[in-house]
Amino acid sequence: MNGLSTVFILVGLFLLGGVYSFWKQELPKSLIFLLSIGSAMCLAAGVLRLGVWN
């Protein structure tokens, strides 16, 4: 299931780009915080599904 891992990693990177964009636009910190948590969860799920540490 490497395809699903790739999707998770790409979505996580997309959300991380959103965090950077929102930070530059000085949007509310709570929105940036929630988006960064979602990004971290997607990236972690993608890496764990790849089985890098297993």
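How each quantity is defined
- Residues numbered from 1 in each chain as written.
- Predicted model: local features only at pLDDT ≥ 70, side-chain atom pairs only at ≥ 80, totals over all residues.
- Heavy atoms only, no water.
- Phe/Tyr/Trp six-rings, centres within 6.5 Å; stacked < 30°, edge-to-face > 60°.
- Lys NZ or Arg CZ within 6 Å of the ring centre and 35° of its normal.
- Patch = residues over 30% accessible without salt bridge, like charges linked within 9 Å, V, L, I, M, F, W, Y side chains within 5 Å.
- Areas by Shrake-Rupley, 256 points an atom, 1.4 Å probe, with all protein chains shown as cover.
- Salt bridge = Lys/Arg side-chain N within 4 Å of Asp/Glu carboxyl O.
- Helix = DSSP H or I, 4+ residues; strand = E, 2+ residues; numbered from the N terminus.
- Buried < 20%, exposed > 50% of the residue type's maximum accessible area, 1.4 Å probe, protein only.

## Remarks on the packing of aromatic side chains
Turning to step 1, where the next piece is worked out: Counted according to the given criterion, the structure contains 0 aromatic pairs.
Turning to step 2, where the next piece is worked out: A cation sits over an aromatic face here: Lys29 above Trp23, 4.0 Å from the ring centre.

## A word on a nonpolar patch on the surface
Turning to step 1, where the next piece is worked out: Together, Phe33, Leu34, Ile37 and Met41 line one region of the surface with nonpolar side chains, adding up to about 440 Å² of accessible area.
Turning to step 2, where the next piece is worked out: Within the fold, Ile37 resides in helix H2 (residues 29–50).
Turning to step 3, where the next piece is worked out: Under the relative-accessibility criterion, Ile37 is labelled partly exposed at 37%.

## What to know about the environment of Gly17
Turning to step 1, where the next piece is worked out: Looking at where Gly17 falls in the secondary structure, it is placed in helix H1 (residues 2–24).
Turning to step 2, where the next piece is worked out: Judged by its relative accessible area of 38%, Gly17 is partly exposed.
Turning to step 3, where the next piece is worked out: C-alpha of Gly17 to C-alpha of Phe33: the two residues are 16 residues apart in sequence and 13 Å apart in space.

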